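This is what each chain is made of:
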Amino acid sequence: MSAFVNSTSFFGRRACTSRRATRSQRRPGGVVCSVEWAGKNRTIEIDGIPLSFDYIPGQYPVVMYLPPFFYAKDPLAKANSLKAFCERRGQGFISQDYYGTGRSGGKFEDGTISMWTDHVIEILERVLRNQKVVLVTSGVGLWIGVQVALRRKTQVVGIVGMSVDPDFTEELIVPSFSDEQRSVLEKDGLVEIVWGHKPYPISKKFIEDAKTNLILQGGPESIKVECPVRLLQGMADEEIPDELALRLASSLRSKDVRLTYIKGSNHSMETESDFNLMCDSTEQILDQFFEFDLRTPGSG
């Protein structure tokens, strides 16, 4: 595991371009066959609830974007930047609105880590037909992504996490509740809090479910995720302490984990420099997958 502070030079675009040319020459395949679900704002029904997603077929592994807490896919410049990156590469790309957000059905306060994880897996199965994926995540998306990777070990071949906040309920939110907030939560099942500079609705249902999905409680190398992981953490994050990303990096079993701290970046990580780091990190994992795959029997 390595940590790079304010370091963008580690991920070289020239080297990535070179590897990409070699891959296309040696392996012209690797194209997602399923185009049935292609398009923007497509809808899939899960348990009677319509869930919205965007899907662009292309080379695999497909890049799957998992948004942060309480956010839809469309307004985020981060998601649009990643989509444009994938289009330039001819890479498959998919993103979704969680239950209760954006164009998806349901009430946000009924959403949980378990539910959102189940829905991601169902989209992997029904839309992508179990193609291999690289998960690019922001905020709670990393927490969901780890749960997906634990249940789909061979399908998830890499993870990029930005402003990661696993276990944020028990680590940060619940300990910060005032007596009044605890009383409202107990009485109404829902309380609105201001965290960082933003209001968030927190339900009792979400907190109770989160307890069954905690991942930082087991110590070093206790999270049985072994794919490459790249973590990007802003040092000006107003919502998450810097050390949470370091704890996560230590807890992952993978031997290929790299944590980059970016001086000046906040929790949203939506500057051009942040986007470049996200895309470079994603590109490195994508190229690494193909380099590894070319050495396996029967490949290429």
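Examining helix H8 (residues 242–251)
Move 1: The complete set of buried residues in H8 reads Leu244, Ala245, Leu248, Ala249 and Ser251. For H8, the arc enclosing every buried residue in end-on projection is 165°, short of the 170-degree limit, so these residues lie on one face.
Move 2: Lining the buried residues of H8 we find helix H4 (140–151), helix H5 (168–176), strand S10 (229–234) and strand S11 (257–262).

Looking at the confidence of the model for the protein
Move 1: Residues with a pLDDT of 70 or more make up 83% of the protein, whose mean pLDDT is 83.
Move 2: In the model, residues 1–29 has pLDDT below 50 throughout and makes 51 contacts with residues more than four positions away in sequence or in other chains.
Move 3: This model gives residues 291–300 a pLDDT under 50, and the stretch forms eight contacts once residues within four places in sequence are excluded.

Focus: the pattern of salt bridges
Two side chains with opposite charge may pair up if their charged atoms get near one another.
Move 1: Applying the stated criterion across every chain, the model contains 13 salt bridges.
Move 2: Between Lys204 and Glu186 there is a salt bridge, and its shortest N-O distance comes to 2.9 Å. In this pair, Lys204 is assigned in helix H7 (residues 204–211) and Glu186 in helix H6 (residues 179–188), connecting sequence segments 18 residues apart.
Move 3: For Lys204, a relative accessible area of 29% gives the class partly exposed.
Move 4: For Glu186, a relative accessible area of 55% translates into the label exposed.
Move 5: Close ionic contact of Arg258 with Asp256 constitutes a salt bridge, the shortest N to O distance being 4.0 Å.
Move 6: The exposure class of Asp256 is buried, given its relative accessible area of 19%.
Move 7: A cluster of three or more residues bridged by salt bridges with shared partners is formed by Arg89, Glu283 and Asp287.

Quick look at the side chain of Gln233
Move 1: Tracing the sequence through the fold places Gln233 in strand S10.
Move 2: Residue Gln233 is classed as buried on the basis of its relative accessible area, which comes to 0%.
Move 3: Within the structure, the side chain of Gln233 is placed 3.1 Å from the side chain of Asp237, a separation counted as a polar contact.
Move 4: The contact partners of Gln233, leaving out residues within four places of it in the chain, are Ser163, Val164, Ile240, Asp242, Ala245, Leu259, Thr260, Tyr261 and Ile262.

Things to note about the packing of aromatic side chains
Move 1: Counted under the stated rule, the structure contains six aromatic pairs.
Move 2: Both rings, one in Tyr98 and one in Trp116, keep their centres 5.3 Å apart while their planes meet at 25°; by these two values the pair is stacked. Pair noted here: Tyr98 is in the loop between strand S5 (91–96) and helix H3 (113–126) and Trp116 is in helix H3, with a separation of 18 residues, a long-range link. With respect to burial, Tyr98 and Trp116 carry one shared label: buried.
Move 3: Geometrically, the ring pair formed by Trp116 and Phe206 is tilted, given 5.9 Å between the ring centres and 45° between the ring planes. Note that Trp116 is positioned in helix H3 and Phe206 in helix H7, a separation of 90 residues in sequence.

Conventions adopted
By convention here, each chain's residues receive numbers from 1 onward along its written sequence. Residues qualify for local features only when their pLDDT is at least 70, as the model is predicted, and side-chain atom pairs are given and counted only at 80 or more; totals for whole chains, interfaces and linings, by contrast, use all residues. The side-chain values count all of the structure's non-hydrogen atoms but skip hydrogen atoms and water molecules. Each residue gets one of three labels from its accessible area relative to the maximum for its type: buried under 20%, exposed over 50%, partly exposed in between, using a 1.4 Å probe on protein chains only. Put simply, DSSP H or I for four residues or longer makes a helix, DSSP E for two residues or longer makes a strand, and each gets a number counted from the N terminus. It is the directions from the helix axis to the C-beta atoms that the arc portrays. Residue contacts are counted whenever heavy atoms from the two residues lie within 4.5 Å of one another. A score between 0 and 100, pLDDT records how confident the predictor is in each residue. Criterion for a salt bridge: a side-chain nitrogen of Lys or Arg within 4 Å of a carboxyl oxygen of Asp or Glu. Polar contact is defined as a pair of N or O atoms within 3.5 Å, subject to the rule that within protein one atom must be able to donate a hydrogen and the other to accept it, and that residues adjacent in sequence are counted only when both atoms are side-chain atoms. Only centres within 6.5 Å qualify two rings of Phe, Tyr or Trp (six-membered ring in Trp) as a pair; their planes then separate them into stacked at under 30 degrees, edge-to-face at over 60, and tilted for everything else.

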